[in-house]
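Residue-level structural notes
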Amino acid sequence: MVAQIRAHERAYYELDAPTASDAEFDDLMRQLRDLEAANPDLATANSPTNRPGGRPTGEFAQVRHATPMLSLDNVFSAEELAAWAARCLADAGVEQLDWLAELKIDGLSVSLVYENGRLVRAATRGDGTTGEDVTANVMTIASIPHTLAADPAPALLDVRGEVFLPTAAFAALNDGIGRQNEAIAAANEQLKAEGKRPRSPRKLFANPRNAAAGSLRQKDPAVTAARPLAMLTHGIGQLLWPPGFAGPMPPSQSAAYGLLGAWGLPISGQGRVAGDIAGVQAMIEHFGAHRDEVDHQIDGIVVKVDDLALQRRLGATSRAPRWAVAYKYPPEEVNTKLLDIQVQVGRTGRVTPFGVMEPVRVAGSTVAFATLHNAREVARKGVLIGDTVVLRKAGDVIPEIVAPVVELRTGGEREFAMPSHCPSCGAPLAPEKAGEVDLRCPNAEACRAQIAGRIEHLGSRGALDVDSLGQEAALALADPMATLRVSSARPAPAAAETLDPVLADEAGLFGLTTADLSRARVWRWTPDGWRPKAFFANDSGEPSKSAQILLDQLEQAKTRPLWRLLVALSIRHVGPTAARALAARFGSVAAIGAASQEELAAVDGVGPGIAAAIGDWFAVDWHRRVLETWAAAGVQLSGLAAPAPPQTLAGLTVVVTGSLEGFSREGAKEAITALGGKAAGSVSKNTDYVVVGPGAGAKEAKARSLGLPILDEAGFVKLLEAGPDRSAAG
């Protein structure tokens, strides 16, 4: 286990090419600590549990730190955090103290040494005692001052911080590498045809931390300068004033940040001082839910005793301070095996590759599939079937394969090739237009996968909002054999029973009966292997409660507002904004179908492209048959358009962050768009209003830094009711 950890440390700290995810490494370290605690005779002074980081690589001059640069011990639960805090209180001999909580940046630890106000040296942490001299490269980082704005300046300041690559810059960096890989993949086709050896794609960075470390360790500072690295300071290693001058000595860590900021050093505005551990836990929970709203990657919250005198009293072990700890979030990135790359067919016929992986726990759920977008994306990332890959699942985002771990390749991996025919219906695949990357199945009317996709979309919250009509229900009704088509991780049975779909297409959806639903079955994986299971019936074949619930919801959906029905039709490019405008202008599906291209394009928010898509949709015979069948089943296709409300928010961009008592997230967006506004997901200088509720974090901070109007919920209600002139900014 020790050898395994040391190999991972070398790959991570010294080579910037990790072969284990952070979660795997943390788990190994925890196992080693538990083993040494149970068997003290096995613990040695050279154990990985007793030293921070890795050794210097030897590629740069070595620098000995004046005071050690230590690592942090980790906790993974509220109980472990509370136990650590209780030990701090007991060791300090106090009943209460202030805690400083700050974001744990996933970057590269660096020491900056200033002499008489001038930056003279920058070094990596290395093994905590000796690091690497990266002064020339650090000098290229725009946020790091070469001279302190202090008069007089300290005789010596050794400040510690984290160098990182913002997530947007990381994406741009990998995108550039990906474009080069696309060109390599295209050239390789010709090389293979000529019998020549193909070129290997460039290696993508697995995460922003690797990218930052690799950028900072460039031999040529010009390469470092071309990458927009940033730094935030998080502590002082040493502070000495000139002889005879008694300069300020901050009493607390939070006060030290104020001093560093006044001198021009970059500090974070996200820190929070709490008088009890419950306040710290509140910050942990908030950023656990909103960590992707921060402009740099974080993997937890660092909790420190704020009082510097108490920090000195509590001291440190050989590896970590006793007065600080890192609360680690569940990992958003893990490593797993890519077993296969298959394709799925969406509701518009687009054929999308996806990875089939060894199931792995990430971001609170078990993941076995991840998107790869298209064949060009597979080439961009240089992913091979059989690779160990870095898998990322941030918040509610669809799991994504970030990059392969090239160092773990065995030679048995193989390339992926897009199929020539639809895996669902067998139709030949082709781009919709010349030069397009995406392949599409042209068999929209009869392709089972497309029908199931349209039914699922129809029930989505942005369309007819039928809760019971999710992905699995749609498959049970229209494509019950789909599961077996994507079962590389669990091979399909040799003689699989063919399950017939209940619905030929979406036309019959509103005519379903409980008897129809009792026939719906879908292949499911059980402890006994694959089994066809009834979806809306019990074991005896009788309709279950879920069948009647779906029928009741479909009955309610028959009278949804016209704009929702338009979204449900899966007309290309017609989303809620265009659908609202069309419903307000024409008042019925028939009127929209009869309108000319010019009339459609003249509607605000529609334009020529959407108008052409609408015309194409209504020109298809079976589309009109779906509408006729729905109308016969009682679906209202006209008379549902209420007079358009005054467009008091036209031209305005509004961001809602945090939780509001009177609005769901979707409800707030709908309220904004109904009045002509744009409901944006991120704050920028072009944002007109930011609505904040409890739990607002980075977006509120950014809005305040930009001086944008900020509204509480009451102000938001006034904005909706009376327009911008009478809303109250807070």
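Keep in mind that what you see is a predicted model, and the values were worked out from it rather than measured. Sequence positions are assigned chain by chain, starting from 1 and proceeding in written order. In view of the model being predicted, local features appear only for residues whose pLDDT reaches at least 70, and side-chain atom pairs are presented and counted only at 80 or more, with totals across whole chains, interfaces and linings using the full set of residues. Here the side-chain values reflect all heavy atoms present in the structure, with hydrogen atoms and water set aside.

Counting secondary structure elements, the protein chain contains 25 helices and 23 strands. In the protein chain, the proportion of contacts linking residues at least 24 apart, taken out of those at least 6 apart, comes to 67%. A run of DSSP states H or I qualifies as a helix once it reaches four residues; a run of E qualifies as a strand once it reaches two. Both are numbered from the N-terminal end. The contact criterion used throughout is that any non-hydrogen atoms of two residues lie within 4.5 Å.

This part takes up the pairing of strand β15 (residues 388-392). We call a residue buried when its accessible area falls under 20% of the maximum for its residue type, exposed when it is over 50%, and partly exposed in between, using a 1.4 Å probe and counting protein chains only. A large share of β15 lies buried, amounting to five of its five residues. Neither face of β15 is exposed, since Thr388, Val390 and Arg392 on one face and Val389 and Leu391 on the opposite face are all buried. In this description, strands pair whenever DSSP reports at least two bridges between them. Of the strand pairs in this sheet, strand β12 (residues 333-345) and β15 are connected by five bridges, and their pairing is antiparallel. If you follow Glu333 over to β15, its bridge partner there is Arg392.

To continue, consider the sheet that holds strand β9 (residues 272-274). If you trace the five strands from one edge of the open sheet to the other, you get β2-β11-β10-β3-β9, paired in mixed fashion. Whereas interior strands pair on both sides, the edge strands pair on one side only; in this sheet they are β2 (74-75) and β9. Pairing between strand β3 (residues 99-105) and β9: three bridges, direction antiparallel. In the strand pairing of β9, Ala101 is matched with Arg272.

What follows concerns the packing of aromatic side chains. Classification of ring pairs uses Phe, Tyr and Trp, with its six-membered ring standing for Trp, and accepts pairs whose centres are within 6.5 Å; under 30 degrees between planes counts as stacked, over 60 as edge-to-face, and the remaining range as tilted. A full pass over the atoms with the stated rule returns eight aromatic pairs. Summarising the aromatic geometry, the rings of Phe510 and Trp630 are spaced 5.3 Å apart at their centres and angled 80° between planes, so their arrangement reads as edge-to-face. Taken as a pair, Phe510 in the loop between α14 (482-485) and α15 (514-518) and Trp630 in helix α22 (residues 621-632) lie far apart in primary sequence, 120 residues in all. Accessibility classification places Phe510 together with Trp630 in one group, the buried group. Ring-pair connections join several aromatic residues into one group, and the members of that group are Trp241, Phe245 and Trp263. A cation sits over an aromatic face here: Lys219 above Phe60, 4.6 Å from the ring centre. Charge-over-ring contacts are defined here by two conditions on Lys NZ or Arg CZ: a distance within 6 Å of the ring centre and an angle within 35 degrees of the ring normal. Its end group placed over the ring of Phe586, Arg585 keeps NZ or CZ at 4.6 Å from the ring centre.

Helical periodicity: at 3.6 residues per turn, an α-helix aligns residues three or four positions apart in one direction. Among the residues making up helix α25 (residues 713-722), those that are buried are Gly715, Phe716, Leu719 and Leu720. Seen from one end, α25 has its buried residues packed into an arc of 140°, which puts them on one side. Summarising the contacts, the buried residues of α25 are in contact with β20 (653-657), α23 (665-674), β22 (689-692) and β23 (710-711). Polar contact criterion, stated in full: a pair of N or O atoms within 3.5 Å, where within protein one must be able to donate a hydrogen and the other to accept it, and residues adjacent in sequence count only if both atoms are side-chain atoms. The N-capping residue of α25, defined by a side-chain oxygen 3.3 Å from the backbone nitrogen of Ala714, is Asp712. Just beyond α25, the residue with positive phi is Gly723, at close to 85°. Arc definition: it is the arc formed by the directions from the helix axis to the C-beta atoms.

Our focus in this paragraph is the sheet that holds strand β7 (residues 156-164). Here four strands make up an open sheet; going across it, the order is β5-β4-β7-β8 and the pairing antiparallel. Both edges of this open sheet fall to β5 (118-124) and β8 (230-240), since each of them pairs with a single strand only. Adjacent strand axes in the sheet meet at a mean angle of 25° when their direction is disregarded. Direction of pairing for strand β4 (residues 108-115) relative to β7: antiparallel, over a ladder of eight bridges. The residue of β7 that forms the bridge with Leu108 is Val163. Along the sheet, helix α6 (residues 208-216) contacts β4 and β7; its crossing angle with β4, the most-contacted strand, is approximately 40°. With axes taken as lines fitted to C-alpha atoms, and helix axes fitted only over the stretch in contact, angles between N-to-C directions fall between 0 and 180 degrees. In this fold helix α8 (residues 253-262) packs onto β7 and β8, with an angle of close to 105° to the strand it touches most, β8.

The next thing to look at is α6. The buried fraction of α6 is high, at nine of nine residues. All of the buried residues along α6 are Pro208, Arg209, Asn210, Ala211, Ala212, Ala213, Gly214, Ser215 and Leu216. Its side-chain oxygen 3.2 Å from the backbone nitrogen of Arg209, Asn207 forms the N-cap of α6.

What follows concerns the nonpolar core. Inside soluble globular proteins, nonpolar side chains tend to come together where they are buried. Side-chain atoms within 4.5 Å link the members of a nonpolar core, which is a set of buried Ala, Val, Leu, Ile, Met, Phe, Trp, Tyr and Cys residues. With 63 residues, the main nonpolar core has Leu477, Leu509, Leu512, Phe536, Leu566 and Ile614 as its most contacted residues. For this core, the secondary-structure elements that each account for two or more residues are α12 (448-458), α13 (471-478), α16 (545-557), α17 (562-568), α18 (576-586), α19 (589-594), α21 (607-618) and α22. For Leu512, the contacting residues outside a window of four places in its chain are Leu477, Val502, Leu503, Leu517, Leu551 and Leu554. Formed by 43 residues, the second largest nonpolar core is a distinct cluster that contains Val110, Val138, Ala153 and Val163.

Okay, the state of the cysteines next. Whenever a pair of cysteine sulfur atoms sits within 2.5 Å, that pair is classed as a disulfide. Tallied over the entire structure, the rule returns zero disulfides. No disulfide involves Cys425; its sulfur sits 3.5 Å from the nearest other cysteine sulfur, which is in Cys441. Judged by relative accessible area, Cys425 falls into the partly exposed class, the value being 31%. Judged by relative accessible area, which is 4%, Cys441 ranks as buried.

This paragraph deals with the environment of Pro431. Among the secondary structure elements, Pro431 is positioned in the loop between β16 (400-404) and β17 (439-440). Given the relative accessible area of 38%, Pro431 is considered partly exposed. The spacing of Pro431 and Arg350 is 81 residues in sequence and 9.0 Å in space, taken between C-alpha atoms. The residues touching Pro431, leaving out its near neighbours within four places in the chain, are Glu436, Asp438 and Leu439.

A word on the pattern of salt bridges. For this document, the term salt bridge refers to a Lys or Arg side-chain nitrogen within 4 Å of an Asp or Glu carboxyl oxygen. Inspection of every chain in the model, using the stated rule, returns 28 salt bridges. A salt bridge links Arg350 to Asp438; the nearest nitrogen and oxygen atoms lie 3.1 Å apart. Taken together, the positions of Arg350 in strand β13 (residues 350-362) and Asp438 in the loop between β16 and β17 put the pair 88 residues apart, joining distant regions of the chain. Beyond isolated ion pairs, a larger network of salt bridges with shared partners links Asp175, Arg179, Glu182, Arg376, Glu377, Arg380, Lys381 and Glu400.

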